[in-house]
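Report on the structure
Spelled out, the chains give:
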Amino acid sequence: MNYFKSKLFLKYIWSYLFILLIPLVLMTLFIYQNAVTNLRSEIEQSRLAQLNQTKVIIDGRMKELSEIASRISYDKRLTPYRVHDPIYAGDAIQALDQYKSTSSIIGELYLYLHKDDKIYSSKGLNNFDVFTRNVQFQNWKSEILLQDLNSVQFPTMRPADTVSTPSGMKETMLAYLIPITPNSPNPHGTVMYLIKESELTSLIDSILGKYQGLTYILDNDGHILVDNRQGEALSSTEAKSLFANLSPGIQDRTLNGKAHSIVSVKSENNGWTYVTIMPSAQFFSSVLHVRSFIIMLFIIVMLVGAAIALVLARMQYQPISMLVEFADSKAGAKPSENDAALSRNELDRIRFALQEYSSRIDLQEPFARNHFLSMVLKYGSAQSLTPELQEAFDLQFDRSHHFVMVIGWNEDEQNGHQERQDLMELLAQIEFPELDAQGYGVELSQLDQLGLIISFNLGDKMDEFLRIQQIVEAVRSHMLETFDMIPMIGVGTCYPSPDQLNQSFIEACSAFEMRVSSSHGTVTYFEKLSYTPDHAFWIPNNTLLKLSQSLKQGSYDVAAQMIHSAIHNLKTSELSALLTRCICFDLLNTILKAASELGNHSMMQQVAPSMIYSNSLDELENSLLVLASEICNQVEQDSQKEEESAIDQIVTYIDGHYTDNTLSLETVAFEFGISPSHVSRSFKEKMGLNFIQYIWQKRMEEVMHQLKTTNDPLKDIILKVGYLDTPNFIRKFKKETGYTPGQYRKMHTEGDISGNDLDDQ
C-alpha cells in the first residue's frame, strides 16, 4: 500500500487505467445517480427519525441523573453534618450506593462538598489527594478537577476522557457535574457522575441498528462529548470545521475528500446536538437487485483492469521502490507525511538519502574501526573479522608475522588535540614497502599513548628480531620527519597468528611500563627484559611481567595462559617437590603484588598455607586461576565505574557548553584527557545515542523552548544555541517535528506573535 503514496507509481497506474476509467466512471455516475437518489432520501429520513428517538432516550437518562442529584441534595443522610460525623458516615455511603443503583448508565457516583478535603462515593470515603491518585483523568488535571468541583454553577458534561481506575484498568468515561442544591445561586456541593462512553454508544447502536458511519454527541459549544465510530474517523481539522457551523436537519458535505450525508438534531432540554455522518458511497450498497447486474459487470471490469494496471505499474515501479526503501533505511527515519521529501522525485530522494548516509558513515567509520582494533588488542580475535568488514575497514592480517607497539610521549610535547588527531591519522594505516610491513594505529584510552599493530612478512634468511628493530626505527623516523617528535616505544613479542595480538599487546604495555628511561627516543623490547637464564629452576621474568601486566589490563585469557604455561613447565621439570613449591611463590607473589597495586589489599587474606604446600600442582593452578579471575573481574568493574563516572562528567560538561559552536568530540576528549574513540564508544553505551545526536537533542530542546517563550528572531535563536547553518537547521527541524520553526511557534503560542522568525524558508 505504500506504493500508492508515490506520485510516480500513481502516474503508472493512471496511465494504464485511463482508457478504462473514463467510460466506466461516466456510465456508472449516470446509472447510480438515478438509482440511489430516491433510496438515499428514504434512508436519510429513516436516520432522522432514529436520531430523534436517540435524543429522546438520552435526554431522559440525563434528566434521571438530574433528579437523582436533586434527591441527594435534600437527603438528610447526605447533609454536610452527617457525612462528616463518623457515626453517620456509613449511612451516607450506603445512600450513595442506593442512588447509583437507580440508573444503569452510572459507572460511579461521587459527592463533593465545597471547600472540603474529602470526596464521597458509593464505595467509601477518600481524601481528595487519594482520590486523584486512584482515579486519574488523562486530560483533566487534579487541580482543575478540584476547581471545577468547587465552582461549577450549572450541570456540565465533560467530553469522554481516558480514566485510570484503582484496579489499574483504563476506561473511556464522561464526567457529568451537577451542582447541588439544583437551581440554587449558591450551591454547597457537586454531584459527579462517571458514565462509561460504551454505555451511551451501545444505547445509540441499539437504536440505529446496523448503521455503518459516525455518530457524535456535541455539547452547547460544539465540543465532542461522545464519539461512536463505525468506519473511517474524521480528522480533528475536519471535525472542528464541520461542527463550528452545523445546523439541524439533513445536509451534504465533503469530508476528507469524500461526499458524506449528515443528519443532526438538537435537544431542547440540554442543548446537545446529535449527529450521524455516513459516506455517500454507502448508499450505493443499498441499491436493489435491479442494479445488481450492472454493479457486477462494473466491478468485474474494474477489478480486472485495476489488477492488470497494478501488475504492470508494480513491475515498473518495484526496482525504484526497493532503492527508495533501502536509501530511507540507511539514511535514518523515514520522512513524515507532511515532509517536503515526499514531494521529491524518488530518484532525488535516493540521491539525497545516500549522500546523507555516506556522510554519516564517513563520520562513524573511524570510531567503529578503532573499536574493532581495540577488541583485537584485548581479546585477539582478528581472524573473526568477516571479509566484508575487512574490506570496509581496509584491514589485512594475511602476513606471516604480527606484533604490537605502544607509542607514548610527554604531555608537554603535544600541542593540543589537533596535533594528536593528525598523529592518529598518520598512524591509522602506515606502510613500509621496503620492509614488506603494514601497520594499523589504535587509539588507547590515555591521550598520551597510541597502539600500533604491525604485520609483516619475513624472508627465509632474515632474522626476526632484526626485522622488528628495522620496523620500529622506520616508525620513529616517520614520526620525527612529520611532527618533529621522538616517542617512547614499548615493543611486544612477534607471533605468527593475529589471534595472539592480545598477548603481544600485554607484552608491549609491560615493556613500555618497565622502560629504563622516560627520555625521548627510548625503545624497550619485551624480549630484552631481564629474565633468569636457567629455565630449569625458575619462572622467566618475562612470563611474570606478562602475567602482572595482563592482570592490570584485566585480560584474563592472557593471565590464564601464563599461569598454565608456568605450571606446565614445572610439571615437566625434574625438580624436587619442595623446590617446585618454592618456585610457585613467584606466581603467587606476582598475583598478590598486582592485586595490591590495583588497590585490592584484601586478597592476601584469601591465601592459605595449604594453597602452596598441601595442594597438587593442578589444584594450585586452579586456585591461582581463581585469584586471577577475581582480579580481572575487579579491573573490569573498576574500569566500567570510571567510564560511567567520566561520562557523567562529560554529560554535565555538554549540558553547560552545548551552545558553544566549537564543541566537538575531540575538544571534549581533550578536555577530560580521554581518547575521542573511547569517549564515543562509552558515551553511546551509557546514553543510548551518540555524541552528535545528544548535542542536537539539547539544541533542539532549547530552540523549542525559545520558540514557545520568546519573540526572538529564528536566526538569533539558532545562533544562540551554537548552530551556524540556519537553512540546514530548519530542514532538520522540520524532518524531526513535521513543522517549520515558524509553524511550531504558532502552534504553541497564545495570540498573534509578530516575530521575525516566521520567515524560515
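With respect to the overall build of the protein chain
The secondary structure content of the protein chain amounts to 25 helices and 18 strands. Entry remark: accessible area of the protein chain is about 39600 Å², with carbon and sulfur atoms responsible for 53%.

Let's talk about the pattern of salt bridges
In the structure shown here, the tally under the stated rule is twelve salt bridges. Residue Glu108 pairs with Lys100 through a salt bridge whose shortest N-O separation is 3.7 Å. We note that Glu108, like Lys100, is buried. Measuring nitrogen to oxygen at the nearest pair gives 3.6 Å for the salt bridge that ties Lys118 to Asp117. Among the residues examined, Lys118 registers a relative accessible area of 25% and is labelled partly exposed. Classification of Asp117 by relative accessible area gives partly exposed; the value is 45%. In the salt-bridge network here, residues are joined through shared partners; they are Lys100, Glu108 and Lys123.

Digging into the side chain of Ser504
You can see Ser504 is positioned in helix α14 (residues 501-513). Those residues in contact with Ser504, other than ones at most four positions away along the chain, are Phe403, Val404, Gly492, Thr493 and Tyr495.

Describing the environment of Thr737
Here Thr737 shows up in helix α24 (residues 726-737). Ignoring anything within four residues of it in the chain, the contact list for Thr737 reads Met700 and Met704. In terms of polar contacts, Thr737 uses its side chain to reach the backbone carbonyl oxygen of Phe733, at 2.8 Å. One polar contact links the side chain of Thr737 to the main-chain carbonyl oxygen of Tyr739, over a distance of 3.1 Å.

Re the pairing of strand β5 (residues 156-164)
As judged from the two bridges shared by strand β4 (residues 136-137) and β5, these two strands associate in the antiparallel manner. From the neighbouring strand, Gln136 faces β5, where its bridge partner is Ser164. Pairing between β5 and strand β6 (residues 170-180): seven bridges, direction antiparallel. Residue pairing for β6: Arg158 is matched across the bridge by Ala175. Counting the residues between successive antiparallel strands, the hairpin from β5 to β6 contains five residues, one of them, Gly168, with a positive phi of roughly 95 degrees.

What to know about a nonpolar patch on the surface
A surface patch of nonpolar side chains, about 760 Å² in accessible area, is lined by Tyr16, Met296, Ile300, Val304, Ile308, Val311, Leu312 and Met315. Sort the elements by how many residues they give to the nonpolar patch and helix α9 (residues 292-331) lands first, with seven residues. With respect to the helices and strands, Ile300 occurs in helix α9. Under the relative-accessibility criterion, Ile300 is labelled partly exposed at 46%.

Observations concerning the confidence of the model for the protein chain
For the protein chain, the mean per-residue pLDDT works out to 79, and 84% of the residues sit at or above 70. Residue range residues 331-343 is modelled with pLDDT below 50. Its contacts to residues more than four positions away, or to other chains, number 22 contacts. Throughout residues 751-761 the model reports pLDDT below 50, and contacts reaching past four residues in sequence, or to other chains, amount to 19 contacts.

Here's the deal with the side chain of Asn150
Topologically, Asn150 is positioned in helix α5 (residues 142-151). By relative accessible area, Asn150 is classed as buried at 18%.

Remarks on the sheet that holds β5
On the basis of which strands lie adjacent, the open sheet formed by seven strands has the order β3-β2-β1-β7-β6-β5-β4 and antiparallel pairing. Each edge of the open sheet carries a strand with a single partner, namely β3 (124-127) and β4. Together, β1 (106-113), β2 (118-121) and β3 form the strand contacts of helix α3 (residues 89-101), whose direction differs from that of β1 by roughly 140 degrees.

Here we look at the packing of α14 against helix α16 (residues 556-572)
Between α14 and α16, the least distance of the axes is 10 Å, while the angle of their chain directions is 85 degrees. The angle between the axes of α14 and α16 places the two elements in the roughly perpendicular class. In this structure, α14 uses Asn502, Gln503 and Ile506 to contact α16, whose residues at the interface are Val558, Gln561 and Met562.

Notes on the nonpolar core
Among the nonpolar cores identified, the biggest contains 41 residues, and Met62, Leu65, Ile72, Leu78, Leu111, Tyr193 and Ile195 are the most heavily contacted of them. No other element matches helix α1 (residues 7-73), which puts eight residues into this core. In this structure Met62 touches Ile105, Met157, Tyr176, Ile195, Asn270 and Trp272, once residues within four positions along its chain are discounted. Leu551, Leu620, Leu625 and Cys632 belong to the second-largest nonpolar core, a separate cluster that totals 31 residues.

Quick notes on the rules
Residues numbered from 1 in each chain as written. Predicted model: local features only at pLDDT ≥ 70, side-chain atom pairs only at ≥ 80, totals over all residues. Heavy atoms only, no water. Helix = DSSP H or I, 4+ residues; strand = E, 2+ residues; numbered from the N terminus. Areas by Shrake-Rupley, 256 points an atom, 1.4 Å probe, with all protein chains shown as cover. Salt bridge = Lys/Arg side-chain N within 4 Å of Asp/Glu carboxyl O. Buried < 20%, exposed > 50% of the residue type's maximum accessible area, 1.4 Å probe, protein only. Contact = heavy atoms within 4.5 Å. Polar contact = N/O pair within 3.5 Å; in protein donor to acceptor, adjacent residues only side chain to side chain. Pairing = 2+ DSSP bridges. Patch = residues over 30% accessible without salt bridge, like charges linked within 9 Å, V, L, I, M, F, W, Y side chains within 5 Å. pLDDT = per-residue confidence, 0-100. Axes fitted to C-alpha atoms, helices over the stretch in contact; angles between N-to-C directions. Parallel < 35°, antiparallel > 145°, perpendicular 65-115°, else oblique. Core = buried A, V, L, I, M, F, W, Y, C linked by side-chain atoms within 4.5 Å.

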